[in-house]
Structures are given as C-alpha cells and as structure tokens.
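Chain and residue survey
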Amino acid sequence: MDWGTIINNTLAGLLTPTTIAFALAALGLAMHFGFAGLLNFGIAGFMAIGAYGYAISVLTFGFPWWAGMIVGIIGSILFAILLGVPTLRLRGDYLAIVTIAAAEIVRLLFLTTAFTDVTGSADGLFGYNNSGGFTSANPFPPGSYGWGPWTYNSETLWVLTFGLGVLAVCVWFLWALMRSPWGRVIKGIREDEEAIRALGKNVFAYKLQALIIGGIFGGMGGIIYAAFANVSPGVYVTSITFFIWTSLLLGGAATIWGPVIGAVIFWTLQAFLSNILPELALAGILPVTGTQAATLRFVLVGIGLMLLVIYRPQGIFGDKRELTFVK
Amino acid sequence: MSNSDSPKKSTGLHIGESGPGCKKTDPMLVIDHVKKSFGGLTAVDVEHLEIPKNAITALIGPNGAGKTTLFNLLTGFDTPDTGEWEFLGTSLSGVPSYKVAQMGQVRTFQLTKALSLLTVLDNMKLGAKNQVGESIFRALFPRSWRKQDAEIEIKAIELLKRFKLDTKQADFAASLSGGQRKLLEMARALMTDPVLVMLDEPMAGVNPALTQSLLGHVLDLKKEGMTVLFVEHDMHMVRHIADWVVVMAEGKVVAEGPPETVMNEQAVIDAYLGAHQDTDLGVVTGRISIIDQEKDK
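Summary of the structure given here. Worth saying up front: this structure is predicted, and the values here are computed from it rather than measured. (Residues numbered from 1 in each chain as written. Chains lettered and ligands numbered in written order. Predicted model: local features only at pLDDT ≥ 70, side-chain atom pairs only at ≥ 80, totals over all residues. Heavy atoms only, no water.)

Notes on the environment of A:A253
Residue and element names in this part refer to chain A. Formally: Runs of E in the DSSP output that reach at least two residues are strands. Runs of H or I that reach at least four are helices, and both are numbered from the N terminus. Residue exposure (1.4 Å probe, protein chains only): buried if accessible area is under 20% of the type maximum, exposed if over 50%, otherwise partly exposed.
Summarising the element assignment, A253 is placed in the loop between α12 (238-251) and α13 (258-282). Overall, A253 belongs to the buried group, its relative accessible area being 10%. In the structure, A253 is positioned 127 residues away from F126 in sequence and 34 Å away in space, judged by C-alpha atoms.

Here it is in structure tokens:
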C-alpha cells in the first residue's frame, strides 16, 4: 500500500474549498438546530439556491461576480422566508418534513428540462466564474503556492482565501449574535418556546430571523462551492444535507467552532477513507472490489453518525454538562 | 418569615351581594361570555367574571373544570370560540400571548417550564422586558446593550437571593429540583415587572418545606402592589392566603366570594369539597402541622 499518497491526500483534505463550503453550511445548521432548535433537513436547498442564484445572475443576466453572489444570498433569504412563514408555527418535527421536501422541490426545479436555457438542467452551469470576473479578480499571480499536501495553484488559492474570509466573517457574526441578549432569547426558544412567549417575546419573529441567518450561511456555502466547482443539480441531493448534519453533530451543535472543526474532520476522514478503502480492497484485505470499497465510506459515515448521536450527542466541542441533561 | 402570622386579608372587594359574576370595586380583569369547546365538550363557559385589583384571587374547582383552559384563554395561549375580556380597560380578544405578557400580565405553567440548558441566571435575564440587545441589529453592537444587561443582572441576582437560588445562578436550570424550578419560574415571571401574576398550580409537586416560602412569596407579591390570580387544589393554601375565591365546575363559575363564606356554600361543597368539607384539608394533606410549628416559633 502506498501510505505516502494516502497520508498526503488525507492531509490535503484539511483545507479545500469543499471543506470551507461545508463548514459554512454546517454553521448555518448550528444556527438553525444547535441554537434555535429548528430541525432543518433542507440545508442542501439553501446551498443550491445560493449557488444557482450566483451562477444564473452572472450567465443569464450578465451581473458581475460580486452582484451575483449577493443575488445568491438574497435568494436564500427569500427561501428562508418562504419556508418559514407557513411552517414556523408548526411543531419542530413538521418543520423537518417540510424542509426536506422543499429542498427536493428546489433541486428538481433546477433539474427539470423546462428551464434548460436558464438552469442548464442536468448538465448544470459552468463558465460563470470566468464571465462574471471572479477568476480575473484573483490577486495572486499564476504559479504554485504552499508546500507538501497543501500545494495549490493560484485559482484554488484565490477560492480558499476568499472562502476563508467569508467563513471568518460568518463565524464572527454568529459569535457576536449568540453572546448577545438576542442569542439568549434564541436559546430560550430552543428550550421551550411557550415559556419565552409567556415572557413577552415574539417567538415567531425570532425563529424567522434565525432561519434567515442560518439560511444566509447555507447560501454562502453553496456560493463558495460554486466558486470552485461547476453548479450541478446532482450535488444538492439529500445526502449532502446529512453530510452537513454529520459535520455539525461531530463538532457540537450548540457551539461556534464545532461546525467548522466538524466539517474539517469530516472531509479529512472522507479523504482518508476514500484512499485507504480501495487500497485495502486491492491488497485483498477487504473482500470487495475497488468501486464497492469507495462507496463503503458512506456506510461508515452512517454508522459513525449513529454512534455519535448515541454516545456523544453534544459533539466534540459541546459542554460536558449538556450530556448529562440531554432530553 | 413574613407569613408566620395569618396574612392580612383584603376586604371590600365587591359591590352588592357576592355571587357568581358579581361586580368588583376595582376590577383588573373583566371577562364576558367567554366560551371555548373542544369538539363536543364545553371546557369553559364564563358569563361574567371580574378579578379584583391588588388582591389574591384563587381559582378552584375539580379536575376538568376548565381552570387551566381559562388561564390559557386569558393569556392568549388559546383562542376562545366567542367572548370578550378586558385587562385594565384594554380589550385582549385576538391579542397574541407575547403582547399580553408585554402589557404586564405574566403567567406560569402547571408543568414547570424551566429552560433546562440555560443557566439559572440566563433564565432570569430572559424575563426582563424591553431589552435593547434583543433586537437582531443592535445585538451586534455590545455597546448598545451592555449597560442595560448589567442592570438586568443586578436585578436578577437580587430576585434570586430573595428566592434563595442565588448560589445556583451558574448552574443549568436542568440541575434544579422540581420545587426549585417552580421558584425559578416565579422569579423569572417577576423579572417582567408584572401587574398581574397568574400562577397555575404553584404548589403542585412542591415539598412541604418549600410550601411555606412559596406562600410567603405569593403574599409578598400583593404587598408590592401586584395582583395575583392562581389555580390551586390545596384548600389550605387557598384559605390561608386568598382574599377572594372563584369556584368553577364544568366550565362555569358556580360561586365566588371571600374564602371563609364561599367554602361553606352548598354549590361549592357539591362541586368540589365533598366529604372533606368540615375537616381542614391541611390536616388531610399533612401540611397543617408545618403551619402550626411555624406559629409556635
């Protein structure tokens, strides 16, 4: 087995545009679920709307890249409002059902051939980073940067820098909100919204605000993902939502850094498993073919998620005391 | 303790004969034709009821009499089929629960709602009204809310001291005992500076040792100028602290009046007190001995 390549690829997983995109989406889920207690299973929908909002406004309407990204964010705000107004009066588990359905509707609307001119249907969209000017906004001259597993060309470095900047702003934003009295009300709503209502707070408005903030983070995740790869409807499937949930629960749902570190661990682990499992199969240690071995990692992710929820529901960074009182 | 001797009862609360729906000299809540049914069952059907200001009113009645439903209707947690009700002259029909609370009418719940994974202090601070930092835009600028938050904290700690919970302020509310949670919920309600405090079974599940201090706290509310309306099954507590008693049965108000007269009315005995009417329920529940011990001190 080629341990050098395996280790190299695993370490490279620590910092990729995908990791940053997932960290952003997980941060959005932390706002929704960890702090406000909103069971959102449609985070993939928010990402899709962010990504398509950016790509479509550049390709179809000729917007510059930054205006396209703003459109993506506005799109996720509108999606949050559209989703929240009818459903936030429902009980938590109903919100989960509605969000999972809404995310699928969004994906299928982007997939359908009815709007091929705009959405590109199953082929998705590409070339918007060039025509929108995101690529030419790159301040780094062409060349190779970094060292060892973290060697990037100037394009990747630009996406990474931009993504890290966005992530830093979002982390600060969430931290600033959650230490404030606003954050206290949000956590109170997670515990018992009727009690908060009895204290004179407009619970519905707070929940909608939380849904919008988390939705913006999710949309930003989709935009960063789109700034690196093409926009394709095959990406924003329900399993993406569950990957993000795994990242979130891994790090700790009600923490600021948990979702970020969780996403990093998740993708590093993914990189490791996708490298070592085919190698193990090839070496005859695993009784499966190479292709089977590659998909085996998703089975392991599922098992990992279950073990995590059962044995460490507060995540790696969660308050130890929380474990004692988890309902 | 403040309540070691028999508390001073407020009198002269009503005008004319005391009976179901009688007028009060100074009503805080006026309820008219409030009706609520669940399917075929009429849970609440109150023709007219006035709750006197700056007094402690007890709402009693057998299980299923509609006391909690009436509470939910009055606080906006449930909407009635028909009816009108006024709080300090303002109509409350159709007003959402959080606005009712902002007007100074605060309630507690029969099943205590402590916010488990928040600290005791955060629970308290949530109660304060008109917090600048609770607006999402100002929340980002600590300078706009830090001073107010510090003031709220001082007030919260004072209240916690009064309720003997100040040593627990950094603990999660989940770590409190059932009785302590009742105290916390009441203290948190007081953070809203209410004019009307509505307590849904404040004594349920509270051990006799805490009962005394809870009784004292309820009496203190009146002393501070608040009005109290509470639902309770403990007849001893009702006799001991209530200035006015409203009896409900099958959704209707069947009797009301000062505790010593209303508890002897035939309608009340039929509806509620039953076989225990001539023994003090304090004896039945074992709580009378504690009151006596307190008196001996």
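Points about the packing of helix α3 (residues 120-127) of chain B against helix α5 (residues 142-162) of chain B
Residue and element names in this part refer to chain B. Applied cut-off: Here an axis means a line fitted to C-alpha atoms, over the contact stretch when the element is a helix, while the angle between two N-to-C directions is reported on a 0 to 180 degree scale. Any angle between 65 and 115 degrees counts as roughly perpendicular, while under 35 counts as roughly parallel, over 145 as roughly antiparallel, and the rest as oblique. In this scheme the crossing of two helices becomes right-handed for a clockwise turn of the near helix relative to the far one and left-handed for an anticlockwise turn of less than a right angle. Contact between two residues is taken to exist if any of their heavy atoms lie within 4.5 Å; hydrogens are not considered. Here the term charged refers only to Asp, Glu, Lys and Arg, the term nonpolar to Ala, Val, Leu, Ile, Met, Phe, Trp, Tyr, Cys and Pro, and the term polar to all other amino acids, Gly among them.
Running from N to C, α3 and α5 cross one another at 115 degrees; their axes reach a closest spacing of 9 Å. Comparing their axes, α5 and α3 come out roughly perpendicular. For the pair α3 and α5, the sense of crossing is right-handed. In this structure, α3 contributes V120, L121, M124 and K125 to the contact, and α5 contributes D149, I152, E153, A156, I157, L159 and L160. Residue classes in the contact of α3 with α5 are distributed as eight nonpolar, no polar and three charged.

Describing the interface of chain A and chain B
Going by this rule: Computed with a 1.4 Å rolling probe, the buried area is the accessible surface lost when two parts are put together, summed over both parts. A carboxyl oxygen of Asp or Glu within 4 Å of a side-chain nitrogen of Lys or Arg is what we treat as a salt bridge. As used in this structure description, the phrase polar contact means that two N or O atoms lie within 3.5 Å; if the pair is within protein, one of them must be able to donate a hydrogen and the other to accept it, and residues adjacent in sequence are counted only when both atoms belong to side chains.
Taken together, the contact pairs 31 residues of chain A with 37 residues of chain B. Summing the contributions of chain A and of chain B, the shared interface buries around 3000 Å²; its carbon and sulfur component is 67%. Our enumeration of links across chain A and chain B arrives at three salt bridges. A:D192 is the partner of B:K113 in a salt bridge, and the nearest nitrogen-oxygen pair spans 3.4 Å. Summed over the shared surface of chain A and chain B, the result is 11 residue pairs in polar contact (both at pLDDT 80 or more).

Observations concerning the side chain of A:K207
Inspection of the secondary structure puts A:K207 in helix α11 (residues 203-228). Excluding anything up to four places from it in sequence, A:K207 contacts A:L38, A:L88, A:L90, A:I189 and A:E193.

Quick notes on the pattern of salt bridges
Residue and element names in this part refer to chain B. In total, this model carries 20 salt bridges over all chains according to the counting rule given. The salt bridge partner of K222 is D243, with a shortest N-O separation of 3.1 Å. Residue K222 is found in helix α7 (residues 208-223), and its partner D243 is found in the loop between α8 (235-241) and β9 (244-249); the two are separated by 21 residues along the sequence. For K222, a relative accessible area of 13% gives the class buried.

Let's talk about the environment of A:G50
Its location among the elements puts A:G50 in helix α3 (residues 43-59). For A:G50, the contacting residues outside a window of four places in its chain are A:G72, A:G219 and A:I223.

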